[in-house]
Structures are given as structure tokens and as C-alpha cells.
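# Residue-level structure breakdown
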Amino acid sequence: MSSREAILGRIRAAISREEAATEATEAAEACSGAGEHSSLGERSYLAAEVLPHERHDRLVEMLRDCRAQVGRVSESGLAAAVHRACQARGIERVLLPPGFPENWLPTGLSLVIDDGSTASLTPADGVISTCSLAIAQTGTIVLDGGIGQGRRALTLIPDYHLCIVEAARVVNSVPDAIEKLESAVAAGSPLTFISGPSATSDIELVRVEGVHGPRHLEVLIVE
Amino acid sequence: MQVSLFVPCYVDTLFPETAIAMTRLLERLGLEVAFPQAQTCCGQMHFNTGYQREALDLARRFVDVFAGSETIVVPSASCCGMVREFYPYLAHQHDDVALATAVEEVAVRTFELSEFLVQQLDIEDVGAYYPHRVTYHPTCHSLRGISVGDAPLKLLRAVRGLELVPLGDAESCCGFGGTFAVKNTDTSTAMLTDKVANVVATRAEVCVAVDNSCLMQIGGGLSRGRTSIRTVHLAQILASTAEAAFGTTHVSV
Amino acid sequence: MSRFELPVVPFPQAAKVALADSQLRRNLNKATSTIRAKRKAVTEELPYWEELREAGRRIKQETMRNLDRYLLQLEEQVTAAGGTVHWAQNADEANELVTKLVRDAGATRAMKVKSLTTDEICLNDALQAAGVEAIETDLAELIIQLAGETSSHILVPAIHKNRAEIRELFIRTLGEPDLTDDPSDLTDAARRYLRKTFMDTTVGISGANFAVAETGTICVVESEGNGRMCLTLPKTLITVMGIEKVVPRWQHMEVFLQLLPRSSTGERMNPYTSFWTGVHNGDGPREFHLVLLDNGRTKVLEDEVGRDALHCIRCSACLNVCPVYERTGGHAYGSVYPGPIGAVLTPQLRELAAYDSLPYASTLCGACYDACPVKIDIPRLLVHLRGKVVVGRQRKGLRFDGEALAMRLAARAFASPKRYELAQALARVGQLPFVHDGVIEALPAYLRSWTVSRNLEAVPKQSFRQWWRSKK
């Protein structure tokens with residue numbers, strides 16, 4: 001008997017299941033059946049609906065709470081805002097994910113287009129990306145590898161990450177985000193939830209910002 | 001109205017003055033007080049230490065002894081909790097359907113003293129007089145077990161002459177935990193030390209609670225430390241009037 | 001049980017040693033009270049926190065009741081997405097599997113994301129014995145690995161160490177002679193040291209916080225970014241996961257992503273959470289292996305009451321509110337899982353008799369139950385296990401068991417009012433040699449444990465029932 005069979009056998013004995021459905025399809029059918037009388041019931045924990053402009057205010061507040069820098073700009077002012085942000089940080093070479101809208105970029109920035117290799121990750125001072133969505137309630141940016149976001153390593157290695165959040169991509173709560181991300185997950189895309197720069201409190205519980213991952217996170221909300 | 005007293009074994013033996021005070025209090029409030037003398041122990045000590053069979057026997061006994069009692073009042077949140085929460089659990093664990101029915105029936109008639117006064121009788125002012133500086137320790141069973149809420153505080157606030165001082169870190173466990181106090185003496189003592197420190201910091205003369213078990217632990221520490229601070233049960237304060245004082249002769253070393 | 005595990009010291013003995021460590025006590029008090037306050041703030045701000053807890057409990061309960069089906073669905077989904085699923089019955093099997101996978105990848109080194117599950121099976125020791133270097137990348141785990149110690153807290157494993165000790169350690173082991181003891185500086189040193197490891201190591205090993213059966217998606221929750229490094233940079237990723245971590249549907253993550261960060265670090269959301277499904281072209285590892293671990297979990301599942309311990313999402317909220325844990329720390333529990341959840345999980349995963357002091361390491365105060373995000377009734381589980389310990393001892397029992405004898409005698413006394421009153425009378429008489437001025441300050445034998453630190457009032461001359469009879 002394989003370990004797989006042994007473990008499944010012990011589980012079934014423990015939960016007193018008579019039939020031995022070893023076929024995955026049977027199990028899956030049973031699961032979707034079980035899913036219908038979902039353990040979630042009426043989902044009585046859902047947050048109250050929040051209007052878009054309140055949502056944006058909340059996002060700004062929560063991002064700042066997470067120690068991210070935040071700015072709000074119009075689309076026409078975006079390139080200039082990106083320029084200012086990079087200048088303030090002394091960022092000259094920027095890693096760029098495939099498909100990042102060029103009209104959002106100022107001139108004069110040295111761009112490193114990601115070619116999927118490890119080598120392309122290291123020379124840049126920072127990375128600029130779009131996002132899949134942003135969660136107002138928690139100040140969270142979510143990346144799903146879509147257009148302008150790039151592979152996961154891109155927004156991980158450089159020390160500065162500038163993320164552009166379009167107004168329409170701001171959702172109110174975690175349940176809203178999970179719902180919107182379902183299709184990306186079903187398509188097998190990896191997701192990264194980012195809530196501020198990395199941190200640790202492992203040494204005497206003193207919070208230190210920036211361990212691995214970008215030590216500086218900046219967000220521009222395009223309204 | 002008639003009430004039957006359920007007097008925990010350790011109260012009957014070590015802290016009879018609690019039950020005496022409760023008797024006098026309830027009589028003063030115009031209730032007819034009965035004491036089914038066949039009662040012994042609710043079985044909590046056995047249950048909590050893992051001796052379920054013995055606890056089950058005691059549960060059966062309890063149900064028989066109090067079969068004819070309309071209303072049962074007990075000066076202990078932990079013993080009340082044993083009857084209300086764990087008797088049904090015991091009965092179901094042992095597949096004793098008859099017992100399960102019987103305990104459910106007795107559970108709805110069983111009340112801890114402070115919740116009985118405030119929630120059942122709708123009384124907060126029992127006409128008590130207790131001119132002392134007092135701090136209140138919410139026992140874990142009254143706080144999280146049967147959730148008496150702020151019933152004890154409401155009662156204390158209505159006592160004439162009583163100066164109530166808040167206890168720091170009040171919701172922290174005193175470290176008694178039944179046999180824990182002797183099986184894990186060192187940890188129990190560490191917890192007690194912090195509780196005593198918080199009590200002493202209030203500069204109160206008296207520490208009150210609804211469970212004599214916790215008071216035994218806290219009082220034991222207060223006494224060993226020669227703090228002079230006394231422990232009294234809520235019943236003793238509520239029973240005290242200008243004419244008759246309960247819990248002032250309960251002097252610490 | 002893995003052959004690398006150390007023998008167990010009974011809790012009361014281990015606790016006594018820990019209680020005397022003033023640095024540990026101070027650090028624990030600071031850590032737990034800080035996180036307690038943060039947790040309180042972020043849970044109280046949600047008006048539907050109780051509804052979330054109930055949803056979490058129900059999802060976990062549903063999962064355990066159909067664990068086989070969800071594991072099969074998970075396996076199917078992960079496989080369809082290009083991953084490989086392995087099943088390990090125990091620690092040794094899991095360790096052999098992982099070692100082989102590392103060797104097959106042509107590596108002699110693997111970098112690890114903090115994983116309690118891998119600590120449980122002593123994976124690092126097994127890898128080392130097989131000539132594979134396992135590098136911990138989580139800061140606290142790195143600290144204790146370099147120091148050759150074990151974790152004392154699920155969330156802040158190095159809480160027992162102060163900054164000066166860590167500075168000294170880093171100077172010695174990281175080759176950084178000019179370090180100050182400022183936590184920022186120390187963290188920077190770790191960042192520099194690990195950067196090269198992240199870029200060069202071809203095998204990553206992680207645990208999993210959740211695994212969604214419906215989609216085959218694994219979830220890792222972290223703060224530092226070392227998780228993201230280990231999950232995306234190496235060519236090969238191996239995830240070791242306890243079978244109880246599976247969650248039925250993607251939608252269920254909306255509950256757990258709210259329960260976990262608020263309960264563990266007291267944040268609305270932790271810095272980084274990663275989700276991945278099998279392998280994804282052009283992004284991340286080219287090979288993904290999921291090792292499903294039993295190692296006693298199916299044994300826990302057999303106990304209809306005890307199995308609730310499997311609902312645990314490893315947030316450590318119970319540790320932070322436990323008055324016992326706050327004073328003794330994690331080492332006293334002698335297990336990878338300490339505190340209230342450890343006291344009910346470890347004796348069930350292992351041999352109950354070997355850990356029979358753990359279910360008693362509690363006053364049953366209930367603070368853990370209040371704090372648990374998935375509403376595990378830990379006090380009830382503790383009492384349930386105490387019952388099993390007693391029955392186990394009775395079954396074995398030839399040795400003199402003083403406690404059992406005392407309990408039997410007490411039960412006999414309580415069985416009849418006459419015997420009960422006789423026992424009361426005996427106590428009144430028996431105490432006489434020990435009473436001075438109405439107080440007992442020293443008692444012999446077993447009862448000495450009380451008077452070692454507390455006084456006891458003398459048994460009054462008249463019991464309540466005697467008073468009742470005299471008055472009525």
C-alpha cells in the first residue's frame with residue numbers, strides 16, 4: 001500500500017466514511033456538492049459598502065499606516081509625478097515590467113526592460129509597476145502578473161518599488177479582492193499581496209522596516 | 001419565593017461564612033431558603049483533573065438531590081459553570097440520554113449568586129452597608145465561563161459606605177486552577193505574585209470575588225506576604241448591614 | 001516521532017527552570033503584552049469579528065469532516081498545474097522524500113522559509129545528516145540556527161535573546177566585525193548575508209499556511225520578504241504541508257486573510273502574502289513539489305473531540321494571552337508547538353503518555369478560547385485529554401498512584417453525606433498540628449506544594465451544614 005493510500009485510508013476510518021472514493025473526479029464532484037451548501041452560509045461578516053472617494057481616502061490612510069509613501073495624481077500629471085518620485089529618491093535606472101504604459105513614464109529615466117533573466121534584476125535602483133487591485137481596508141496592493149506588473153522577482157529584488165494604482169482598481173475589502181482575483185487564480189497566475197515595505201520585530205520586538213524585499217514602497221493613485 | 005442553596009464542598013468545609021452570609025442575605029430579601037442536606041460536591045475537581053467517571057457519578061447525585069428544587073443558587077461561578085456547561089457535556093460524552101435531559105432541566109434553574117440577584121431578581125441595591133476600601137477580582141469562571149458580566153460590580157456600587165477601587169490587570173488569572181495550584185506550584189506562584197502585587201497597588205483593605213477558590217489562592221498570598229489585606233466573598237459584603245457585619249472578623253494574619 | 005527529537009521533561013520541572021530566567025520573563029512579558037494590545041485594537045475595530053471567527057470555525061470543521069476529498073481535489077489541481085504531489089506518513093518518510101528531491105535537483109544546499117511543520121519533523125537535522133545544508137532565511141530562525149538553539153515562540157522565535165547577544169552572535173558567525181547592537185544595523189547585516197544566498201541557491205523549501213483545494217493554490221503569509229525570495233527565485237520549490245492545512249474553496253481565503261494577520265501580529269494585513277499554483281511559465285520555480293504530511297494528524301482526527309485542535313491556523317494568539325505561557329515561554333512545553341494549542345496538539349500528535357503533563361499546564365482560565373480566531377475550545381480539549389491521561393494511567397497502573405488514590409477516596413467521601421461529614425471532621429482534627437493563630441503556613445507531603453508559597457486558613461470549627469442544623 002502506498003503512503004497515499006495509507007493516509008487516505010486512515011482519514012476515512014477516522015471520519016467513518018464507508019465508501020472509498022479514490023478517484024479524483026468522484027472526490028471533486030463530492031467537493032462541489034459540499035461547496036454548494038458552503039460552510040460560509042450567509043457571509044454575515046461582510047463589511048458595509050463604501051463609496052469610491054471614501055475608498056480612496058481610506059486607501060491613502062491605510063497605505064500610510066503600512067509605512068508606504070502615497071500620492072494622488074491625475075492621469076495627465078502621472079508622468080511628472082513619477083519623475084518627481086524617482087528624483088526624490090535618486091533613482092536613475094528603473095526596472096520595467098513588460099506592457100507598462102509608456103505614456104505614464106517621464107523622459108530621461110534609464111529603463112531596464114526585463115528579459116526574464118536573473119542578470120536583468122540587479123542593475124536597477126528601483127522598479128515601477130501597475131497592479132491588479134488595491135484593498136482600501138488594509139492598504140494592500142495586489143499583483144497578479146498581469147500587464148505592467150511583470151514576474152514576481154521584478155518587484156522583489158530592487159530596493160524601491162513604485163506602484164501605480166488606477167482609481168477603478170481600488171476595492172473596499174478583503175472579500176471584494178478575493179472575489180475579483182478568482183479568475184486570475186483559476187488561470188494559475190501567482191499572486192502577491194503587498195502591505196507596506198517588509199518588516200521584522202524579531203529583535204526585542206523593535207520594529208525594523210525593510211528586511212528583504214524593497215525597503216521603500218511608494219504608491220501613486222491615479223484619479 | 002423559595003430558593004435552594006447549593007453550597008460547594010470547599011465552601012461548606014473551609015468558608016462556611018460565605019454560605020451563612022448568603023443565607024442571611026437571601027432571607028433579608030424576603031426569600032425562603034432551603035438547604036438540601038444530601039448534597040456533597042458537584043464533581044468539578046474530579047472533572048477538571050480528568051476523573052470523568054467519578055465526576056459523572058457526582059453529576060447523577062446532584063441531579064437527584066436537587067430534583068425537587070425550584071431555584072438553585074450557588075456562591076460560586078465555577079461550580080455553577082460545572083452544572084450549566086459541563087454536566088450536559090459529561091452526559092453526552094457518556095451517551096447517557098436520561099442524564100442529559102435531567103441536567104438540561106436542572107441547569108436552567110441553577111444560578112450564581114450575583115447573576116441571580118441582578119438578572120433574576122432585578123435587584124442591584126440589597127441594602128448593604130460595608131464601610132471599607134474594596135477591590136474586585138473578576139474570576140475566570142465568572143468572566144469567561146458563565147459570563148456574569150458586570151453583575152458583581154453593579155451590586156458592589158450600590159453598597160453604602162463602600163469605596164470601590166479598580167484592580168490593575170484585573171482579568172488576569174490568579175493562578176489557582178484547582179489542582180494546577182499544587183501540580184504546577186511554581187507557575188501558580190508566579191501568577192499569584194503578580195495578582196497580589198496588583199491588589200496591593202490598589203491600597204484596598206479588602207479584595208472581593210465571587211469564588212472562594214480564587215480567594216483562597218489570593219488570600220493565601222496576601223497573608224503570606226503580611227500585606228494585611230483581607231479576602232472576602234461577595235456574599236459577605238452584600239449581607240453586611242450597619243447592625244450585622246459579615247467579613248470584618250475575617251482577619252488576615 | 002523523528003529520531004532527532006529530544007526526550008521530554010515534564011512541564012512542572014521545565015517551567016520551574018524557565019520561571020527563574022529574568023531575561024526570558026521580561027522579554028516574554030514585553031512581547032506578549034505588546035502583541036495583545038495590537039491584536040485587541042485591530043479585532044475590536046471590526047464589528048463583524050465574531051461572525052468571522054464563526055465562519056473560520058465552520059470552514060475548518062467542514063474541512064476535517066471531508067478531509068480525504070479535499071486532499072484529493074488539491075492533489076488533482078496541483079498536478080494539473082504542473083506540480084508534483086507526494087504523501088508522507090511520518091517524519092522520516094517526509095525527510096527522506098525532501099532529501100531525495102534536493103539531491104535530484106543536483107543541490108547540496110537549500111534555503112528555507114520559516115516553517116513549523118519542517119521544525120516538527122526535524123527536517124534541517126535530517127538534511128544535514130545527508131550532507132545537505134539547510135539555510136534558514138527568516139531573521140529569528142537564522143538567529144537561533146546560528147546560535148544552535150530552538151524556538152521559544154511560534155511568531156517571535158528569538159524573543160529569548162536580546163540585542164547584545166545577537167550582535168555578539170553575528171560578529172562571530174557572519175564575519176561582520178563592526179556591528180552595533182541597534183536592531184536596524186543587525187537586520188541590515190542579515191540582509192547582506194542572505195542576499196547572496198537568495199540569488200545563488202537553486203532549491204527553496206517552505207511550509208504552507210493554507211492550500212486551496214478548489215484551485216490547487218498554496219498560500220504563504222510573512223513579513224520580511226524572505227518568503228517571496230525562496231518562493232520565486234530558485235529553480236526548484238519544495239513545500240511541506242500538514243494535511244490539515246487544506247481549505248476547500250478560494251472564497252474561503254476572504255475569511256482567513258482577515259483572521260490570521262489580525263490575530264497573529266495584530267496588523268490589518270501582514271507585509272507579504274504569496275499565492276502560487278503549481279508552476280507558472282516565466283515566473284518562479286520550474287519545478288514544484290508538495291509534500292502532504294500526516295505524522296500523527298490522522299491519529300488526532302480519530303478523536304471526535306480532540307480533532308478540533310487540527311483547526312489551528314498557527315496564529316499564536318493563544319500564546320499571547322496565556323498567563324502560563326507568558327511566564328514560562330515555549331521551551332517548557334518541550335515541543336515545536338507551545339502554549340495552549342501545543343498543550344492539546346502535541347500530546348495527540350505524539351504519545352499521550354510521553355506528554356501527559358502538558359494537558360495539566362493550564363488553569364483553564366479560558367483566555368485562549370476567547371482569543372482563538374477559529375474558536376477552538378482549548379479548555380474543553382485540555383479537560384478531555386486529562387480524562388484520557390487518567391484512563392491511560394489506570395490501564396497501565398501497577399505503580400502507586402497517589403493522586404488516583406486521593407481522588408478515589410474523595411469520590412467515596414462525596415458519595416454519602418455521612419462519609420462527607422466524617423471527612424470534614426477528620427480535616428478539622430488532622431490540621432491541628434499545623435495550625436498556629438488560625439493559619440496554616442506549612443503542610444506535609446503532597447500538600448506542601450500549597451504552603452510553599454501561600455498560607456491556608458484553618459478549617460473552621462463549624463461547617464456550614466452544622467451551622468444550618470444548629471440554626472434551623
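See the structure above.
Residues numbered from 1 in each chain as written. Chains lettered and ligands numbered in written order. Predicted model: local features only at pLDDT ≥ 70, side-chain atom pairs only at ≥ 80, totals over all residues. Heavy atoms only, no water.

### Here's the deal with the overall build of chain A
Basically, it comes down to this: Strands here are runs of E lasting at least two residues and helices are runs of H or I lasting at least four, both read from the DSSP assignment and numbered beginning at the N terminus. Buried residues are those whose accessible area, probed at 1.4 Å on protein chains only, stays under 20% of the maximum for their type, while exposed residues exceed 50% and partly exposed ones sit between those limits. Using the Shrake-Rupley algorithm and a 1.4 Å probe, accessible areas are obtained, with residue cover drawn only from the displayed protein chains.
A count of helices and strands for chain A gives five helices and twelve strands. Counting all 223 residues of chain A, 57% fall into the buried class. Accessible area of chain A: about 9,100 Å², with a carbon and sulfur share of 49%.

### Considering the packing of aromatic side chains
Worth spelling out the cut-off: Aromatic contacts are taken between Phe, Tyr and Trp rings whose centres are within 6.5 Å, Trp giving its six-membered ring; a plane angle under 30 degrees counts as stacked, one over 60 as edge-to-face, and the others as tilted. Ring-over charges, as used throughout, are those where CZ of Arg or NZ of Lys falls within 6 Å of the ring centre and within 35 degrees of the ring normal.
Taken as a whole, this structure holds 20 aromatic pairs over all chains when the rule is applied. Centroid distance B:F35 to C:W468: 5.6 Å. Interplanar angle 55 degrees. Geometry classified as tilted. One end of the pair, B:F35, is in the loop between β2 (32–34) and α3 (44–49); the other, C:W468, is in helix α22 (residues 464–471), on a second chain. Classification of C:W468 as buried rests on a relative accessible area of 7%. Arranged with centres 5.1 Å apart and planes meeting at 40 degrees, the rings of B:F47 and B:F86 form a pair that is tilted. Pair noted here: B:F47 is in helix α3 and B:F86 is in helix α5 (residues 77–93), with a separation of 39 residues, a long-range link. Look at B:F47 and you get buried, because its relative accessible area is 0%. A network of ring pairs unites the aromatic residues B:F6, B:F62, B:F66 and B:Y87 as a single cluster. Directly above the aromatic system of C:Y360 lies the positively charged group of B:K183, at a separation of 3.9 Å from the ring centroid. In this arrangement the basic side chain of C:R228 is found over the ring face of C:Y272, its NZ or CZ atom lying 4.5 Å from the centre.

### Remarks on the sheet that holds strand β8 (residues 230–233) of chain B
All names here are of chain B. Convention followed: Strand pairing requires that DSSP identify at least two bridges connecting the strands. To define axes, lines are fitted to C-alpha atoms, for helices over the stretch in contact only, and angles between the resulting N-to-C directions are given on a 0 to 180 degree scale. It only takes one pair of heavy atoms within 4.5 Å for two residues to be counted as in contact.
An order of β6-β5-β7-β8 is seen for the four strands of this open sheet, with the pairing classed as parallel. Two strands close off the open sheet at either side, each with one partner strand: β6 (163–165) and β8. Within this sheet the neighbouring strands show an average axis-to-axis angle of 35 degrees, counted without direction. Relative to strand β7 (residues 206–209), strand β5 (residues 133–136) runs parallel, the two being bridged by three bridges. Along β7, the bridge assignment pairs Y136 with V208. Its contacts with the sheet place helix α12 (residues 212–224) against β7 and β8, and it is angled at close to 170 degrees to β8.

### Things to note about the state of the cysteines
Residue and element names in this part refer to chain B. In plain terms, the rule: Put simply, a disulfide is two cysteine sulfurs that come within 2.5 Å.
Applying the stated criterion across every chain yields a total of zero disulfides over all chains. With no disulfide of its own, C9 lies closest to C41 among cysteine sulfurs, the gap being 3.8 Å. Left without a disulfide partner, C42 is nearest to the cysteine sulfur of C79, which lies 4.1 Å away. Look at C42 and you get buried, because its relative accessible area is 4%.

### Considerations on α22(C)
Put simply, the rule reads: This arc is taken over the directions from the axis of the helix to the C-beta atoms.
The set of residues buried in α22(C) consists of C:F464, C:R465, C:W467 and C:W468. Summarising the axial view, the buried residues of α22(C) lie within an arc of 155 degrees, below the 170-degree limit, and thus occupy one face.

### Considering the sheet that holds strand β12 (residues 439–440) of chain C
Residues and elements named next belong to chain C. One open sheet accounts for three strands, arranged β11-β12-β13; its pairing is antiparallel. Of all the strands in the sheet, the pair left with one neighbour each is β11 (435–436) and β13 (456–457). With two bridges joining them, β12 and β13 adopt antiparallel strand pairing. Along β13, the bridge assignment pairs I440 with L456.

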